[in-house]
Amino acid sequence: MRIGAVLVLIAAAIPAFQGGELTGPQLIANGRLEEALTFYRTAAGASPTSVAANNGMGVVLDLLARYPEAQTWFTRSINAARTPLERALAQRAMAISHGFAGDCRGAEKYETSAYDFYLRTADFYNAGEVADELGRLCLDNGDLNRAAEWYQKGNAAGLNQPDIPVDRKDLWNVRLAHAKARIAARRGKIAEARKYVSQTRAILDKGTNPAQEEYFPYLTGYVAFYAGDYPAALAALQLANLQDPFIQCLIARTYEALGNREKSLEYYRMAASSPAHSVPAAYARPFAARKLH
């Protein structure tokens, strides 16, 4: 689902240097990570309490697979936050860092704090987003029970919105059905997973959330992959968002299962080069990098 797919980088707030040099986010987008590291190190040296500079250092170090170092800088970003909202955003970035390191429990500490902040401020939508974000981090790292717990919390928080309109109810329910299908598939309960796929399809057919349609091929491909039906998985995943590093990684795994090494490596390279500091990339980039070495 969309949850956490693009957590807006606080780092993007840093302006370009004089002379038209690229900004840190531009260097990251171009894959020039060592240059981006120099950019943010210089910015952090000039302004040690800059949330943006410290966050940027953490992002680049995660992309370089230097996770303990990254988390040191994200801690500085959290400590430098000037408002509760800025702190919550910095905590979410730290949680994603723990996702890169394959540490669902570590991510939970920071997502829980952000989740509690949004609940205290009656921002039920973002509370649900954070809970689902953690659910996805835990699911991708194999902690299925924790994932199920947090997806359920996300649904409950989202539905707690006063005077919630029908389309928003359907949004939270389609997200939960989607998550339950993936969790069941990971547990090898394929019949149960397909039941939740049907529930997802039924909610989408109400037409209240057309933007969620793009996540349905991802779901059907995911379930088919864990069912061992690799041709069906490939056909579905090729209809999903091919710019998503998680989809790229799952396509690579599907080609690998089909014995097509060349295509598998092609998609692993795509996923391993993703410049995103996001929930999907937190799983896909490290996994793909390991496959290439």
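Source: prediction; values computed, not measured.

A few points about the packing of aromatic side chains
Part 1: Going through the model one piece at a time under the given rule, you end up with 15 aromatic pairs.
Part 2: Taken together, a centroid distance of 6.4 Å and an interplanar angle of 45 degrees make the contact between Tyr67 and Phe100 tilted. One end of the pair, Tyr67, is in helix H4 (residues 67-80); the other, Phe100, is in helix H5 (residues 84-100), and 33 residues separate them in sequence.
Part 3: Looking at Phe100, the relative accessible area reads 3%, which means it is buried.
Part 4: Plain terms: the ring middles of Tyr115 and Trp150 are 5.3 Å apart, the flat faces sit at 85 degrees to each other, and that makes the pair edge-to-face. One end of the pair, Tyr115, is in helix H6 (residues 104-120); the other, Trp150, is in helix H8 (residues 144-159), with 35 residues separating them in the sequence.
Part 5: Accessibility expressed as a relative area gives 2% for Trp150, which makes it buried.
Part 6: Cluster of aromatic residues (ring-pair linked, three or more members): Tyr218, Tyr222, Phe225, Tyr226, Tyr230, Phe246, Tyr268, Tyr283 and Phe287.
Part 7: Sitting above the plane of the Trp150 ring, Lys153 keeps its charged end 4.0 Å from the centroid.
Part 8: We note Arg175 situated over the ring of Trp172; from NZ or CZ to the ring centre the distance is 4.9 Å.

Section: unusual backbone geometry
Part 1: If you check the backbone angles, Ala65 has positive phi at about 65 degrees while not being a glycine.
Part 2: Take Ala65: it is sitting in the loop between helix H3 (51-63) and H4.
Part 3: Owing to a relative accessible area of 46%, Ala65 belongs among the partly exposed residues under this scheme.
Part 4: Although it is not a glycine, Asp163 sits at a positive phi angle of roughly 50 degrees.
Part 5: Inspection of the secondary structure assignment puts Asp163 in the loop between H8 and helix H9 (166-186).
Part 6: For Asp163, a relative accessible area of 77% gives the class exposed.

Examining the pattern of salt bridges
Part 1: For the structure shown, the criterion picks out 14 salt bridges.
Part 2: One salt bridge in this structure joins Asp205 and Arg201, with 2.9 Å as the shortest N-O distance.
Part 3: When its relative accessible area of 23% is taken as the criterion, Arg201 is described as partly exposed.
Part 4: A salt bridge links Glu213 to Arg201, with the shortest nitrogen-to-oxygen separation between them at 2.6 Å. Highlighted residues: Glu213 in the loop between helix H10 (190-204) and helix H11 (216-226) and Arg201 in helix H10, separated in sequence by 12 residues.
Part 5: On the basis of relative accessibility, which here comes to 31%, the residue Glu213 falls in the partly exposed class.
Part 6: Taken together, the shared-partner salt bridges connect Glu108, Asp143 and Arg146 into one network.

Points about the state of the cysteines
Part 1: Within the structure shown, the criterion is met by 1 disulfide.
Part 2: Bridging Cys104 to Cys138, the disulfide has an S-S length of 1.9 Å. Because the sign of the S-S torsion sets the handedness, a value of about 75 degrees for the bond joining Cys104 and Cys138 places this disulfide among the right-handed ones. Residue Cys104 is found in helix H6, and its partner Cys138 is found in helix H7 (residues 124-140); the two are separated by 34 residues along the sequence.
Part 3: Given a relative accessible area of 7%, Cys104 falls into the buried group.

Basis of the calculations
- Counting restarts for each chain: residues are numbered from 1 in the order of the written sequence.
- Local features in this predicted model are restricted to residues of pLDDT 70 or higher, and side-chain atom pairs are both shown and tallied only at a pLDDT of 80 or more, whereas totals for entire chains, interfaces and linings draw on every residue.
- The basis for the side-chain values is all heavy atoms of the structure; hydrogens and waters are excluded.
- In summary, the pairing rule links any two rings of Phe, Tyr or Trp, Trp by its six-membered ring, whose centres are within 6.5 Å, and it sorts them by plane angle into stacked for under 30 degrees, edge-to-face for over 60 and tilted for everything else.
- Helix numbering and strand numbering both begin at the N terminus, where a helix is a DSSP run of H or I of at least 4 residues and a strand a DSSP run of E of at least 2.
- For every residue, the accessible area (1.4 Å probe, protein chains only) is compared with the maximum for its type, and the residue is labelled buried under 20%, exposed over 50%, or partly exposed between those bounds.
- Remark: a charge is flagged as sitting over a ring if the NZ atom of Lys or the CZ atom of Arg is within 6 Å of the ring centre and within 35 degrees of the ring normal.
- For salt bridges, the criterion is a side-chain nitrogen of Lys or Arg within 4 Å of an Asp or Glu carboxyl oxygen.
- The criterion for a disulfide is a pair of cysteine sulfur atoms lying within 2.5 Å.

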